[in-house]
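Fold and geometry: a report
Single-letter residue listing:
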Amino acid sequence: MTDAVRPREAANTSAHDIVIMTGPAGAGRSTAIRALEDLGFEAIDNLPLSFLPRLFAGPPLTRPVVVGVDARNREFAIDRLTALLEEIAGLVGRAPTLVYLDCDAGTLIRRYSETRRRHPLSPHETPQVGIDREISLLAPLRARADVLIDTGALTPHDLRAEMERLFGQEDGAETLAVSLQSFSYKRGTPRGVDMVIDVRFLRNPHWDEALRPLDGRDPLVAAFVAADPGYGPFYARLIDLLRFLLPAYRAEGKSYFGLGMGCTGGKHRSVVLVEALAKTLAEDGWRVSIRHRDLERTPGGTALGLGMGVA
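The next subject is the overall build of the chain. When helices and strands are tallied, the chain shows eight helices and 10 strands. The buried share of the chain, taken over its 311 residues, is 47%.

The buried fraction of strand 6 (residues 177-184) is high, at eight of eight residues. Strand direction decides the pairing type here: strand 6 and strand 8 (residues 256-263), joined by eight bridges, are parallel. Looking at strand 8, one finds that Ser-179 is bridged to Gly-258. Strand direction decides the pairing type here: strand 6 and strand 9 (residues 287-292), joined by six bridges, are parallel. Residue Leu-180 lies in a different strand from strand 9, and its bridge partner there is Ile-290.

Here five strands make up an open sheet; going across it, the order is 2-3-1-4-5 and the pairing parallel. Two strands in the sheet have a free side with no partner beyond their single neighbour: strand 2 (42-45) and strand 5 (147-150). Across the sheet, the axes of successive neighbouring strands diverge by a mean angle of 20°, strand direction being ignored. Inspection of the sheet shows strand 1 (residues 18-22) paired to strand 3 (residues 65-68) by four bridges, in the parallel sense. Along strand 3, the bridge assignment pairs Ile-20 with Val-67. Contacting strand 1, strand 2, strand 3 and strand 4 (97-102), helix 1 (residues 29-38) crosses the sheet at an angle of about 160° to strand 1. Of the strands in this sheet, strand 1, strand 4 and strand 5 touch helix 5 (residues 156-167), which is tilted by about 160° from strand 5.

Direction vectors running N to C along helix 7 (residues 231-252) and helix 8 (residues 269-283) enclose 50°, while the axes themselves pass 12 Å from each other. What the angle tells us is that helix 7 and helix 8 run oblique. As helix 7 runs across helix 8, the sense of the crossing is right-handed. Taking contact as the criterion, the partners of Tyr-231, Phe-234, Tyr-235, Leu-238, Ile-239, Leu-242, Arg-243 and Leu-246 in helix 7 are, on helix 8, Val-272, Leu-273, Ala-276, Leu-277, Thr-280 and Leu-281.

The next subject is the nonpolar core. Formed by 30 residues in total, the largest nonpolar core has its most connected members in Leu-180, Met-261 and Leu-277. If you list the elements that add at least two residues to this core, you get strand 6, helix 6 (219-226), helix 7, strand 8, helix 8 and strand 9. By residue number, the principal contributor to this core is helix 7, which donates seven residues. Discounting chain neighbours no more than four positions away, the residues touching Leu-180 are Leu-259, Val-274, Leu-277, Ala-278, Leu-281, Val-288, Ser-289, Ile-290 and Arg-291. Residues Val-65, Phe-76, Leu-98 and Ala-145 belong to the second largest nonpolar core, which totals 25 residues.

We now examine the packing of aromatic side chains. Each aromatic ring pair is specified by the distance between its two centres and by the angle formed by the two planes. Under the criterion given, the structure shown has five aromatic pairs. Taking 5.7 Å as the distance between ring centres and 10° as the angle between the ring planes, the aromatic pair formed by Tyr-231 and Tyr-235 counts as stacked. Of this pair, Tyr-231 and Tyr-235 both sit in helix 7, four residues apart, which is roughly one turn of the helix. Side by side, Tyr-231 and Tyr-235 carry an identical accessibility label, which is buried. Sitting above the plane of the Tyr-185 ring, Arg-200 keeps its charged end 3.8 Å from the centroid. Positioned over the ring face of Phe-224 is Arg-203, at 3.9 Å from the centre of the ring.

Cut-offs applied
- Residues numbered from 1 in each chain as written.
- Predicted model: local features only at pLDDT ≥ 70, side-chain atom pairs only at ≥ 80, totals over all residues.
- Heavy atoms only, no water.
- Helix = DSSP H or I, 4+ residues; strand = E, 2+ residues; numbered from the N terminus.
- Buried < 20%, exposed > 50% of the residue type's maximum accessible area, 1.4 Å probe, protein only.
- Pairing = 2+ DSSP bridges.
- Axes fitted to C-alpha atoms, helices over the stretch in contact; angles between N-to-C directions.
- Contact = heavy atoms within 4.5 Å.
- Parallel < 35°, antiparallel > 145°, perpendicular 65-115°, else oblique.
- Left-handed = near helix turned anticlockwise from the far one by under 90°.
- Core = buried A, V, L, I, M, F, W, Y, C linked by side-chain atoms within 4.5 Å.
- Phe/Tyr/Trp six-rings, centres within 6.5 Å; stacked < 30°, edge-to-face > 60°.
- Lys NZ or Arg CZ within 6 Å of the ring centre and 35° of its normal.

Next comes the structure, spelled out in structure tokens:
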């Protein structure tokens, strides 16, 4: 330990997570780090290894920290990083959590082909060479990881949800993150949800020419769907069910609950229900995120929202 780095009292940091995030390029490290930043982490990516212990040698942590470690770093070496993890544990009184984002070589090759980027470890060779080289280089970290996440089949939204499930607790308190997602049955049910509800029994704005171009976030569409005689009784029972289930899931230790609301096109009825549920659950004090999966496929359809409420 250098003279410039002094341990501080473990009690000052024991309540806060220290996450070291690594994995092969293209496995989703930047997405995962941004997700933790949205959860309140101080996020630092691609830090030179020599600076790593100094992060934890100053004043006590006031919030959790995530540090991205990249094999492209000029100081990167497996033995050095392993030693630094032990040094950080000595500084703060608890071991950092090493998170390794894993991904099969075939998926990484496809991702590089889609983006047309050069691989950082093979700038003058094919991406396959760099991918194989990096996977081999990082194998010891993968073997000792505290959390291993295979991102090969995960969308960015799925990876964000996994980060929230693993690290979404605030100040050590037990919380439950609620994710609401609208979708079209034409394109299949969404991955990563715990419950799916079909709302195709409600009257469909698609058949109203004035409402067809709008989506369920528009007040006119919401009013049209809410005017269905079945909407009120259904919504009341659904809210009652969620108000029963969510506290029970939280008491059981579950940290994430995903609910999918489906309709024919994923544009009107399911969107109306997700928007209404998000508002009600946020008012109840739950931390809610929403995604309108199939609106994202339409021009101007950015439809991902996070943090509508705080548990």
